[in-house]
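So you can see what is in the structure, the chains are spelled out below.
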Amino acid sequence: MSQPPVAKEIPFTLEKHNDVRIDPYYWLNDRENPEVIDYLNKENAYFENETAHTKDFQARLFEEMKSRIKEDDQSVPYKFNGYYYITRTEKGKNYPIYARKKESLTAAEEILFDCNQMAEGYSYFSLSGVSISPDNKYAAFCLDVVGRRIYTLRIKNLETGEILPDEIKNVNPEVVWAADSKTLFYTTKDSVTLRSDKIWKYVRGSQTDSAALIYEEKDETFDVSIEKSKSKEFIYIISSSTLTTEYRLLRADNPDGKFKIFQKRKRGVEYSISHYNNIFYILTNKDKATNFKLMMCSVDETGSYYWKEFIAHRNNVLLEGIDVFKDFLVISERSNGLTQIRVLGLTKKADYYLPFKSETYSAYTTTNIDFDTPLLRYSYQSMLTPPSVIEFNMETKQSNVLKEQEVQGGKFDKNNYIEERVWATATDGTQVPISMVYAKNLKKDGSNPTLLYAYGSYGVTLDPYFSTVRLSLLDRGFIYAIAHIRGGEDLGREWYENGKLLKKKNTFTDFIACSNFLITQKYTSPQHLYAEGGSAGGLLMGAIVNMAGELYNGVIAQVPFVDVVTTMLDDSIPLTTGEYDEWGNPNKKKYYDYMKSYSPYDNVSAKAYPNMLITTGLHDSQVQYFEPAKWVAKLRKLKTNQNKLYFYTNMDAGHGGASGRYEALKEVAREFAFLLDLEGIRN
């Protein structure tokens, strides 16, 4: 195929608020239509033909990235209820193996799940939501073999190895056992919108149609989930929207009891709870505590009237989470864009922060199951430092590195690179941080190929992180940079609030400001600057190519959310109603008009666009495949230059891409080859 496929046009009228939009590619919404599948296949064929000259290079990149991975590897074991649990991988195998050892790490290994065997015959496989019964005899687990994040719940007898006949479809991968090791609580989804809306109770060994509906969330802007407290004494039903939370709780030893509301929902008030002894700790933004504060109450009086302040709100510090121990409270905070871990004594005098020196690091607490221990596990990494799991003694302040990710191949030396954090000035004067890593011998002469990545939505913080695959770019002269733009929560809650709803355009202009900074400071130039983002970050990519496409030589948009107005007006599409607090409700004219002013699909025009690679998954439930498909069709018709425009659909996957670790590497190799080919680098 020397010419790209041309999607036929069937005008479809969309009208709202007396505004008429004509969508010529609306017909692509029907995945059951053979013509739609044919069109997607033709786009894939065009992509394969146009990039055929990079196939050998892709294969070399794949082998190069694979060679850095320790293929025979295992997680740091953790002890839970008498067993050490371990996840490991074996050379040449795509999927993990879940195992445990009773009481001692020298005990015989018991394999719980070998996902490589379970995945045989499937082009996509995901095991999630593994939950071990309190008596250690059963494992509930959830399987998705399509990629649409719709799981089937099964139960395994760990004594016999038998998979029980119990089978429940259309569940979320979260399962909680009651203390009796017989009763299960789980969540199901609405069959159309895929919103998690119901909690069920099921007794192992019963007929699946005997499951009892425990709770139904009627508000379409809320999702519902199920959890167990760290103390194992309570089961929580959590109803949550973007702005509001409500917990219900039940004693785990009383599965037939009635869930009690912890604190009734109040719009704009978020809270999460942690239980220890007779106390609940509450992390909340109550009373306009924008960056959250920590409160506490007794288990008997949980209404907000009884909440007492424990750590006050601070304007410059975001309270992100807590880990409760018998003698210590560990608090995860964020200040000036960086995570800090604070240790506070509960029964002993202590108040200090763990020391971190880099300006481009990421640190967070990990698996801390026991209460009665002074040992805290946390993970640390930077853009130069591979991830490590560290055990820290909160009494002696001594650290022990339990594991650091090994970079295989013998070529990686962190001393060959530089990491730094710089600040760009946004259009309104706001300082926006950029985390960067590059080879030490780099010269700021504007000639360096640079990949700028960002997300910028839902309050998701994009901390600096280490990547072995990224080395394939760095070692070929690329700068890799992360723009910590508004819409994320990188610099606190207000950073998020100022990049959503009617302030969403700050997300886009922040990214453009970061791009301009890299150019004016001569890190790179428009001939060598590349941008990448996925999902809501794909929306960002769609917006910037409309607003300032001349700044970029190439753009990668993964599973991009680009048809904002049409999607947000269709409440049958998964996630739509729950997104109103993020994007606004376009049934209200002011939000409709604002969305339309930036929606990438609605703002494609007859002008030059950068080289672009756009990817999606046919079974994507988060961003439907037809959004990027329509966007590409419109770009093909209207763009005025001859720059590359490639569209690739994984016909066997969903929002997260390929499921196997090697297949995922092949996707990265495909994207890197696209970038490197634009730079004329082919080895």
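It should be emphasised that the depicted structure is a prediction, and the values quoted were computed from it without experimental measurement.

(A) Structural detail: the pattern of salt bridges. Evaluated as defined, the whole model comprises 48 salt bridges. Between Asp197 and Lys198 there is a salt bridge whose closest N-O contact spans 3.2 Å. Between Asp563 and Lys630 there is a salt bridge; the shortest N-O distance is 2.7 Å. Residue Asp563 is found in the loop between β36 (554–558) and α8 (564–569), and its partner Lys630 is found in helix α11 (residues 626–638); the two are separated by 67 residues along the sequence. The same class applies to Asp563 and to Lys630, which are both buried.

(B) The arrangement of a nonpolar patch on the surface in detail. Where nonpolar side chains cluster on the molecular surface, the patch consists of Tyr122, Val145 and Val146 and spans about 240 Å² of accessible area. The class of Val145 is partly exposed, set by a relative accessible area of 33%.

(C) The arrangement of the packing of aromatic side chains in detail. Considering all chains together, one arrives at 37 aromatic pairs under this definition. Aromatic side chains Phe47 and Tyr646 sit 5.5 Å apart centroid to centroid with 75° between the ring planes, which places their arrangement in the edge-to-face category. Within this pair, whereas Phe47 is found in helix α1 (residues 34–50), its partner Tyr646 is found in strand β38 (residues 645–650), the two being separated by 599 residues in sequence. Here the two residues Phe47 and Tyr646 agree in accessibility, since each one is buried. A ring pair is formed by Tyr138 and Trp177, whose centres lie 6.4 Å apart and whose planes are at 35°; its orientation type is tilted. With Tyr138 in strand β9 (residues 138–144) and Trp177 in strand β11 (residues 163–177), this residue pair connects regions lying 39 residues apart in the sequence. As far as the burial class goes, Tyr138 and Trp177 line up, both buried. For the cation-ring pair, Lys8 lies above Trp27, with the distance from its terminal atom to the ring centre recorded as 5.1 Å. The ring of Tyr83 has Arg100 sitting right over it, with the charged end atom 3.9 Å from the ring centre.

(D) Main features of unusual backbone geometry. In this structure, Lys288 takes a positive phi of about 60° despite not being glycine. If you trace the backbone, Lys288 turns up in the loop between β20 (279–284) and β21 (293–298). Positive phi, close to 35°, is recorded for Val559, a residue that is not glycine. Positionally, Val559 belongs in the loop between β36 and α8.

(E) Local environment of the packing of α1 against α11. Where α1 meets α11, the axes come as close as 12 Å, and the angle between the chain directions of the two elements is 60°. Of the two possible hands of crossing, α1 and α11 adopt the one that is left-handed. In contact with Tyr39, Leu40, Glu43 and Tyr46 of α1, α11 contributes Ala629, Val632, Ala633 and Arg636. Residue composition of the contact of α1 with α11, grouped by class: six nonpolar, no polar and two charged.

(F) Representation of helix α2 (residues 55–67) within the structure. Here α2 contains 13 residues, and its C-alpha end-to-end distance of 18 Å stays within 8% of the 18 Å for a straight helix at 1.5 Å per residue. All of the buried residues in α2 are Phe57, Gln58, Leu61, Phe62 and Met65. Along α2, the residues classed as buried sweep out an arc of 140° about the axis, all on the same side. Buried-residue contacts for α2 involve α4 (471–474) and α12 (661–678).

Reading guide: rules and limits
- Residues numbered from 1 in each chain as written.
- Predicted model: local features only at pLDDT ≥ 70, side-chain atom pairs only at ≥ 80, totals over all residues.
- Heavy atoms only, no water.
- Salt bridge = Lys/Arg side-chain N within 4 Å of Asp/Glu carboxyl O.
- Helix = DSSP H or I, 4+ residues; strand = E, 2+ residues; numbered from the N terminus.
- Buried < 20%, exposed > 50% of the residue type's maximum accessible area, 1.4 Å probe, protein only.
- Patch = residues over 30% accessible without salt bridge, like charges linked within 9 Å, V, L, I, M, F, W, Y side chains within 5 Å.
- Areas by Shrake-Rupley, 256 points an atom, 1.4 Å probe, with all protein chains shown as cover.
- Phe/Tyr/Trp six-rings, centres within 6.5 Å; stacked < 30°, edge-to-face > 60°.
- Lys NZ or Arg CZ within 6 Å of the ring centre and 35° of its normal.
- Axes fitted to C-alpha atoms, helices over the stretch in contact; angles between N-to-C directions.
- Left-handed = near helix turned anticlockwise from the far one by under 90°.
- Contact = heavy atoms within 4.5 Å.
- Nonpolar A, V, L, I, M, F, W, Y, C, P; charged D, E, K, R; others polar.
- Expected span 1.5 Å × (residues − 1).
- Arc of directions from axis to C-beta.

Remember that the coordinates give geometry; whether it matters functionally is a separate question.
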